[in-house]
Amino acid sequence: MTPTELTDYARQRYNAVGDAHFADGEMRRYIWQAQMELAKESLCIRSVYTTSTVASQQEYSFPTSTISIKRITIAGNKIEPRSLEEVLDLSSSVASPTGASYIYAIWNEVLYLAPIPDAVYALKIFSVNEPQEVTTTSILEVPSRYHLDLAEFINEQMTLKDKNYQGAALYTVKWKEAKRAAKVFERKMLRGQQLSFVKDADRMIDMWGSM
């Protein structure tokens, strides 16, 4: 489903097809906000970013729109999150070890590796992302299973704009339930490839400070 198709669907539900009261740009902002809420609460937008280290370079910028980090590998080997102090202490002296990094820390959306890489290594970041702002040429970034759910938020905003607070309350309940169901489903997805034992899904993501 495209943003235009979702906009049309939301207008049809609200009996507002062709209604200039709800401009297309306004509808796109509703879509972006709905995706943002869903992404932050359910962690449903995920990707893998691949780049390379640079010899003697310790700092690397986050991939665009990263909310949190699930896993980082160097040359195919998982590296572990540590405190910024531990990472910087390991790389602060002239005699500090170099080579393929095995720990990392995050500060101000910058990734710090230690030991400092001494060569080019494949760096892979498994991340949870927020959506980009929606334009006329965008695609919906949340999984297709949630596309129709976004209309609950859009219609909520439309009813609020019309001061239809009774209708808004109904859509608010539906939107909250959609987000709750998405969060439950995504937790199952995150642990779907693991052995069946109890694990706190909220701790399966290496969250970084701005959250």
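What counts and what doesn't
Residues numbered from 1 in each chain as written. Predicted model: local features only at pLDDT ≥ 70, side-chain atom pairs only at ≥ 80, totals over all residues. Heavy atoms only, no water. Phe/Tyr/Trp six-rings, centres within 6.5 Å; stacked < 30°, edge-to-face > 60°. Helix = DSSP H or I, 4+ residues; strand = E, 2+ residues; numbered from the N terminus. Buried < 20%, exposed > 50% of the residue type's maximum accessible area, 1.4 Å probe, protein only. Axes fitted to C-alpha atoms, helices over the stretch in contact; angles between N-to-C directions. Parallel < 35°, antiparallel > 145°, perpendicular 65-115°, else oblique. Left-handed = near helix turned anticlockwise from the far one by under 90°. Contact = heavy atoms within 4.5 Å. Polar contact = N/O pair within 3.5 Å; in protein donor to acceptor, adjacent residues only side chain to side chain. Expected span 1.5 Å × (residues − 1). Salt bridge = Lys/Arg side-chain N within 4 Å of Asp/Glu carboxyl O.

Draft legend 1. Structural view of the packing of aromatic side chains. Enumeration according to the criterion identifies two aromatic pairs in this entry. Taken together, a centroid distance of 5.8 Å and an interplanar angle of 80 degrees make the contact between Y14 and F22 edge-to-face. When the centroid spacing of 5.6 Å and the interplanar angle of 55 degrees are considered together, the rings of F153 and W175 count as tilted. In this pair, F153 sits in helix α4 (residues 150-161) while W175 sits in helix α5 (residues 165-190), placing the two residues 22 residues apart along the sequence. When sorted by exposure, F153 lands in the same class as W175, which is buried.

Draft legend 2. Representation of the packing of helix α2 (residues 24-42) against α4 in the model. Running from amino to carboxyl end, α2 crosses α4 at an angle of 130 degrees, the nearest separation of the two axes being 9 Å. The orientation of α2 with respect to α4, classified from their angle, is oblique. The crossing of α2 and α4 is right-handed. Listed contacts from α4 to E26, M27, Y30, I31, Q33, A34, Q35, E37 and L38 of α2 are L150, F153, I154, Q157, M158 and K161.

Draft legend 3. Up close: the side chain of N129. Within the fold, N129 resides in strand β7 (residues 122-129). Owing to a relative accessible area of 10%, N129 belongs among the buried residues under this scheme. In this structure the side chain of N129 is engaged in a polar contact, spanning 2.6 Å, whose partner is the side chain of S47. Residue contacts for N129: discarding those within four places in its chain leaves A39, I45, R46, S47, S65, T66 and I67.

Draft legend 4. Molecular detail of α2. An ideal rise of 1.5 Å per residue puts 27 Å on 19 residues; α2 measures up with 27 Å between its terminal C-alpha atoms. Of the residues making up α2, those classed as buried are E26, M27, Y30, I31, A34, Q35, M36, L38, A39 and S42. Packing partners of the buried residues in α2 comprise α1 (3-13), β3 (66-74), β7, α4 and α5. Downstream of α2 by a residue or two, L43 has a phi angle that is positive, lying close to 60 degrees.

Draft legend 5. Layout of the pattern of salt bridges. This model, assessed by the stated rule, comprises nine salt bridges. In this structure, R11 and D24 form a salt bridge, with 3.1 Å as the shortest nitrogen-oxygen distance. Placement of the pair is R11 in helix α1 and D24 in helix α2, with a sequence separation of 13 residues. Judged by relative accessible area, R11 falls into the buried class, the value being 7%.

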